[in-house]
Amino acid sequence: MLLDISELPDGHELTADLVIVGAGAAGITIALDLIGSGLSVLVLESGGPEEEPATQNLYAGSVVDARLHSPPDRYRQRRYGGTTSIWGGRCTPFDPIDFAARDYAPAGGWPITRADVEPFYPRANALCEAGEFAYTSGETFGSAARPIVRGFASADFSSDRLERFSCPTNFASRYGHKLSASDNVQVVTHANLTQIVLDESGRRVTHLALGSLGGKRLTVRGSRYVLATGGLETARLLLANRDRHARGIGNDHDVVGRYYMCHLAGVIGNIRFSCAPGAIFRGYQVSPEGIYCRQRFTLEEAAQRRERIGNFVARLHHPHITDPRHRNAVLSLLYLAKPLIPYEYAVRLHGQDAGSFGKWLRHLANVVTDPFDAVGFAWHMLRDRKLAERKFPSIIINSKANLYSVDFHAEQYPNASSRVTLEDTPDALGMPRIRIDWRYLPEDVHTVRRALEILARDFAASGIGRLEYDPEQVETEMTRFGAYGGHHIGTARMGSDPRSSVVDADCRVHGLENLFVAGSAVFATSSQANPTLTVVALALRLAGHLRRIEAAQ
Amino acid sequence: MTAGTLLVYGVGSPLGRRMLQMLGSGAQIRAVAADSLAPDALRAAVRDAQVVVNAAMGAPQVILGAAERLAEAMRGGPAERPLVHVSSMSVYGEATGVCDIASPAVGTLSAYAAAHVAAEAIARSFPQTVVLRPGVEYGPGCEAWSGRIARWLEARRIGDLGAGGDGYCNLVFIDDLVRTVLATAQAPASAGRIFNVAMRDPPTWNGYLIAYGVALGAIPVRRMARRRRAIETKLLAPPLKVAELTLGRVPFIGRQLPPAIPPSFLRLCAQEIRLDVRATEEALGLAWTPIAEGLRAAAASYRSKPLRG
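Rules and cut-offs
Residues numbered from 1 in each chain as written. Chains lettered and ligands numbered in written order. Predicted model: local features only at pLDDT ≥ 70, side-chain atom pairs only at ≥ 80, totals over all residues. Heavy atoms only, no water. Pairing = 2+ DSSP bridges. Helix = DSSP H or I, 4+ residues; strand = E, 2+ residues; numbered from the N terminus. Contact = heavy atoms within 4.5 Å. Salt bridge = Lys/Arg side-chain N within 4 Å of Asp/Glu carboxyl O. Polar contact = N/O pair within 3.5 Å; in protein donor to acceptor, adjacent residues only side chain to side chain. Buried < 20%, exposed > 50% of the residue type's maximum accessible area, 1.4 Å probe, protein only. Disulfide = S-S within 2.5 Å. Axes fitted to C-alpha atoms, helices over the stretch in contact; angles between N-to-C directions. Parallel < 35°, antiparallel > 145°, perpendicular 65-115°, else oblique. Nonpolar A, V, L, I, M, F, W, Y, C, P; charged D, E, K, R; others polar.

A. Main features of the sheet that holds strand β20 (residues 465-468) of chain A. Residues and elements named next belong to chain A. Pairing in this open sheet of six strands is antiparallel, and the strands run β6-β15-β16-β17-β12-β20 from one edge to the other. In this open sheet, the two strands that pair with only one neighbour each are β6 (157-158) and β20. Bridge count for strand β15 (residues 297-299) against strand β16 (residues 312-317) is two bridges, and the pairing is antiparallel. Bridging from a neighbouring strand, threonine 298 pairs with valine 313 of β16.

B. Representation of the interface of chain B and chain A in the model. Each side of the interface is counted separately: chain B has 17 residues, and chain A has 13 residues. Put simply, chain B and chain A have five salt bridges between them. For arginine 223 of chain B, the salt bridge is made with glutamate 389 of chain A, and the minimal N-O distance between the two is 2.9 Å. If you look at where chain B meets chain A, you find nine residue pairs in polar contact (both at pLDDT 80 or more).

C. Spotlight on the pairing of β16 of chain A. Residue and element names in this part refer to chain A. For β16, the buried fraction is high: six of the six residues fall into the buried class. Here β16 shows two buried faces, one formed by Phe312, Ala314 and Leu316 and the other by Val313, Arg315 and His317. Examined bridge by bridge, β16 and strand β17 (residues 403-411) share six bridges and lie antiparallel to one another. By the bridge assignment for β17, alanine 314 is matched with phenylalanine 408.

D. Examining the state of the cysteines more closely. Residue and element names in this part refer to chain A. A full pass over the atoms with the stated rule returns zero disulfides over all chains. Residue cysteine 167 stays outside any disulfide, its sulfur separated by 9.9 Å from that of cysteine 91, the closest cysteine. We classify cysteine 167 as buried; its relative accessible area is 2%.

E. Up close: the packing of helix α1 (residues 14-23) of chain B against helix α6 (residues 174-186) of chain B. All names here are of chain B. Put simply, α1 and α6 touch, their axes get as near as 10 Å, and they point 75° apart. As judged from the angle between their axes, α1 and α6 are roughly perpendicular. Two secondary-structure elements touch here, α1 through Pro14, Leu15, Arg18, Met19, Met22 and Leu23 and α6 through Ile174, Asp175, Leu177, Val178, Arg179, Val181 and Leu182. Across the contact of α1 with α6, the residue classes tally to ten nonpolar, no polar and three charged.

In structure tokens, the structure reads:
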């Protein structure tokens, strides 16, 4: 059932076996999995079906260094479906090494292994509408698999691994009808959590206080509670509730909000291939079941361990859009279309380009001199992206000059000094706003620097081309746009030791009997992988756990 | 069952055809076509048969007509003559959730479903009747759910339907349905009972359409946007249906006509009804053909004869 808080009387009390706060990828997944379970499930969503400025503003806060992190109300959506309403759809699982404790990586690993998550990945993949859980080109395409660069040989980099793309699926649009039709799941929109009330022992949640921007106040009582509010909001909610625990819930050891990770991403260098243009394939192949897939260069686990560096992937990338000297009509068209491109994507497409009338004219000249290329591209984007339900994932432009750059995406190590804290300034509901102090370590720079060295070495050794870049610019490029937007990880990390973690292996907050966390906040490491697929897999795992403990009682 | 004759009425249906194929020359059980028999001959055939099977499918009047003809022929015959009446899951109407045989029909019944309800009532006036309610019959010779869908998939007119394909596709492989008919005929205790017939863990319609598209080699299977689905059912379906009715029997042309995608098909794809087959499995001891195997057979059959007729 779906209803809005405005339909309920002021002071109303709702009850359920399980209360889920947040209807994004994690919250909706848990609710979906519990349809027909016999448990009564209540899902509380702050927003409505569309973005609303006043609700979105509840996410506003501050960042310590605006060059390093986007504003807190960007790259996440406070609405039914959460950030799945704007995500890019890239799916790839965490690697086994991401869960392991590595003696060279700070802050340890996870209390679980990839094998513990493995059973949930196929269904997570299906929920993300990313097709079969098959992440190598060999198993997906067989003999039709196309290498990224024919002739590339490396013992340290695999080019067989895939990323698969969701539609991208908005979990509310796609699965809301199932929740609405369910007998045991109730979704309440415009319901904001304003207080988590604990019993006198401070070990058990007794109820939640809800408020709406319209002034409604409600109470919710459940047997168990799940915070599924994303990596930033989860920390905020735990820190903001200090009635029983002076530092916030689950924060006796000052861990909540710390170890905040994103990913380290950037575009660097130039690589001019000596092979024929046809020997390079950097586009998407469509799997038999209709999923856009793309290969990437993946740093093998053995190489990571030998080099004592983090996880790392790279893709071939087109030249910088902002520089009209590329003389490419499509890239110039994208430059000119900047006002039409959503902020979340425009940042990395256009960078920090100041722009000028002269530059604008030069880009216009590129378009005018090769109009067929531009028109063809515009038609492709209209048909295959704008109008399609399964959208062409990104802009792929092949270089007639065989000239590319390298787009990398690397693990950020957990770092206790990278953290989310609270401001004194309250939002419209009286909740303190967040303050983000994202930081990276010298080891993170080393990961990217060393991985690029190996990649450049192996390109050269393969005799297919030469990757040229300034090693001194690695740190600049990996932080040019700051932390990779939208990947908010680790602020309530999973672990066995409450002194260095917030939730246990079952996602239960240490010291609390009936409070759980779902989402990327619990990730103990960040991997190279985009988080959503693993968020969904872990949510399914948590749903199974909740079902079991309910059955045991 | 010991040696004897299985009298099959409705040999034009996928089940009837398949029964004749599988049992036509069998040493112990012989399936005999009954549709074209005159009333007296039909009465005599019923009297001589060990089991009577009503496998008639198609338009409402075909379904009702078959039930009435058989009932007429059976009246006055041996009271213990078993009748296996093959009905349809459509009798549950717009029901959702898990449906067992006691589940009531929900919503307004289509003419097709109403015909099945009426035909069941006629058949059940005989105490030895067993009613089978199959789900979605697929496999060799199943035009509605294999042949027609294969052509849609090949033409990329259907595929992954998104939220519109979340309904359960209660598949039953046609050979499994034949085996179910035989099992009921061999189990005296099944007389008077009703059985749902479908595989135990059915895929969603999306799962079926995607897996069948892959089995056919109609790849990549496309995502069908809501807009495209509306064009098919609201704009293209009416003229295609008219063309089918007017030109369908014209040599060469009729076989080439693209089949319409009716709105009822897309409604079924979204209907989250799941047949409860536990009682069927327990009573009849059946095992269902794995879907991969069934799809391979359906695809191979389609490849050997892709057009209707």
